[in-house]
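Summary of the model geometry
In case you want the letters, here they are:
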Amino acid sequence: LNDNKSIVDQILENGNKMNKAAIATVVRVKGSSYKREGAKMLIDESGNTTGLISGGCLEPDVAEAAKQVIENGKPVLRRYDMDEDLVWGLGLGCPGTVDIYIEKINFDELKLDRSIEDFSKNPLTAWLSCVKEEKMGVLATTLDLPRSHSGQKQIFVSENYQTVGKLDNNELHQFVCDFSKNLLQSTNPKSETKTFTLSNGEKVDVFFDVNIPPIELIIFGAGHDAIPLVEFSVRLGFNTTVVDPRSAYLTEARFPGAKRILADASSIPEKVKVSSKSYVVIMNHHLERDINVLKHILHTDARYIGILGPRSRCQKIFKALQIDDIDQYDHIFNPVGLDIGSESPQEIALSILAEIIAFRNKRAGGFLRKKKDRQLVS
């Protein structure tokens with residue numbers, strides 16, 4: 001997510017200077033890879049790059065290929081077979097097959113001052129606005145066109161299912177729109193390449209580049225142990241908010257980069273907006289405050305609720321709210337965090353954020369060496 005933002009910022013900068021540039025995107029990965037589908041690198045006409053598409057072994061070759069793309073304007077799809085001996089000999093990356101799509105950015109066609117609601121005829125403009133404004137959207141790019149399709153290669157579908165662009169082949173256009181909508185309706189969609197078979201038997205590969213907003217983390221409690229949690233959260237690119245009734249604790253110096261809301265129990269419903277995209281951690285170290293916060297949060301669409309403290313304390317909170325069984329709430333986690341033997345505030349913060357990421361990605365956590373299929377049922 002942070003990489004996408006950096007690349008969009010660089011595109012805007014290059015666009016203002018009217019420089020020539022190309023963007024390289026990982027569109028398909030088979031086997032292991034340092035980066036996954038959707039990873040990007042921006043290359044300008046001087047060979048300067050922003051972003052990574054591998055551990056460092058592919059970037060020079062891709063940058064060289066991008067020069068020709070910038071020169072002739074023709075996109076290319078390059079496949080790299082990451083031989084294990086070669087890759088590990090370089091000390092970079094992982095073995096696997098990686099497909100990278102390189103396309104020129106036509107700055108003269110972009111209208112970079114437009115917002116996503118001002119739908120232009122340029123899908124890439126809409127996608128750039130989507131990333132900049134931290135909204136959800138899908139940029140679909142046809143990687144190989146059938147004979148019946150010779151025009152536009154991209155369309156953009158917004159989180160409201162509005163479309164920018166139109167593929168010339170109506171059947172393909174409908175396939176792409178429908179699949180994009182399915183991705184947008186998913187809990188945590190991933191960028192991927194999908195092959196469509198048309199009624200005439202032709203097959204078309206389409207890459208779906210999904211942009212999802214950063215995690216919205218709301219932390220109730222501005223105590224000492226909230227400081228590393230906020231620090232790590234901000235570094236991860238989460239939109240982080242700290243809520244506390246004590247102004248002396250809720251300072252910029254303690255929580256740089258985070259939004260701070262001064263609110264007591266009575267004003268939380270009015271001041272704190274919780275949505276289905278919100279992840280909440282309750283860590284007031286004050287039983288009555290925790291009870292009042294959970295009382296409000298239970299009636300929202302919060303996706304995840306983590307409650308700091310031992311299970312016995314959480315049971316007191318549930319008893320006060322006349323809730324008999326915590327297990328009826330699949331999105332409530334107590335004790336909060338993955339079991340990594342955390343002791344210090346920094347370790348606890350790490351375990352909490354690891355649990356949030358695992359929950360978002362529908363993973364059970366655990367050691368990768370024991371991994372078979374550890375996906376959770378949604």
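Residues numbered from 1 in each chain as written. Predicted model: local features only at pLDDT ≥ 70, side-chain atom pairs only at ≥ 80, totals over all residues. Heavy atoms only, no water.

Observations regarding the nonpolar core
- Counting 24 residues, the largest nonpolar core has Phe 220, Leu 294 and Ile 307 as its most contacted members.
- By residue number, the principal contributor to this core is helix H8 (residues 287-297), which donates 4 residues.
- Leaving out residues up to four positions away in the same chain, Leu 294 has contacts with Ile 282, Ile 305, Ile 307, Ile 317, Phe 318, Leu 321 and Ile 332.
- Core analysis: the next-biggest nonpolar cluster, separate from the first, contains 23 residues, Ala 222, Ala 226, Val 230 and Tyr 304 among them. (Core = buried A, V, L, I, M, F, W, Y, C linked by side-chain atoms within 4.5 Å. Buried < 20%, exposed > 50% of the residue type's maximum accessible area, 1.4 Å probe, protein only. Helix = DSSP H or I, 4+ residues; strand = E, 2+ residues; numbered from the N terminus. Contact = heavy atoms within 4.5 Å.)

Description of a negative patch on the surface
- On the surface, Asp 324, Asp 325, Asp 327 and Asp 330 cluster together into a patch of negative charge.
- For Asp 327, the location among the structural elements is in the loop between helix H9 (311-320) and strand S16 (332-333). (Patch = residues over 30% accessible without salt bridge, like charges linked within 9 Å, V, L, I, M, F, W, Y side chains within 5 Å. Areas by Shrake-Rupley, 256 points an atom, 1.4 Å probe, with all protein chains shown as cover. Salt bridge = Lys/Arg side-chain N within 4 Å of Asp/Glu carboxyl O. Lys, Arg positive; Asp, Glu negative; His and termini not counted. Charge placed at Lys NZ, Arg CZ, Asp CG, Glu CD.)

Things to note about unusual backbone geometry
- That bond from Asn 334 to Pro 335 is cis: its omega, -10°, falls within 30 degrees of zero.
- Topologically, Pro 335 is positioned in the loop between S16 and helix H10 (345-360).
- Phi at Glu 134 takes a positive value of approximately 55°, unusual for a residue other than glycine.

Things to note about the packing of aromatic side chains
- Tallied over the full model, the rule gives 10 aromatic pairs.
- The interplanar angle of 55° and the centroid separation of 5.6 Å between the aromatic rings of Tyr 304 and Phe 359 together place this pair among those described as tilted. Of this pair, Tyr 304 sits in strand S15 (residues 304-307) while Phe 359 sits in helix H10; the two residues are 55 residues apart in sequence, bridging distant segments of the chain.
- Look at Tyr 304 and you get buried, because its relative accessible area is 0%.
- Under the relative-accessibility criterion, Phe 359 is labelled buried at 15%.
- Counting every residue linked through ring pairs, the aromatic cluster contains Phe 175, Phe 179, Phe 196 and Phe 208.
- Between the NZ or CZ atom of Lys 194 and the centre of the ring of Phe 196, over which it lies, the distance is 5.8 Å.
- Cation over ring: Arg 246 sits above Tyr 249, and NZ or CZ is 3.9 Å from the ring centre. (Phe/Tyr/Trp six-rings, centres within 6.5 Å; stacked < 30°, edge-to-face > 60°. Lys NZ or Arg CZ within 6 Å of the ring centre and 35° of its normal.)

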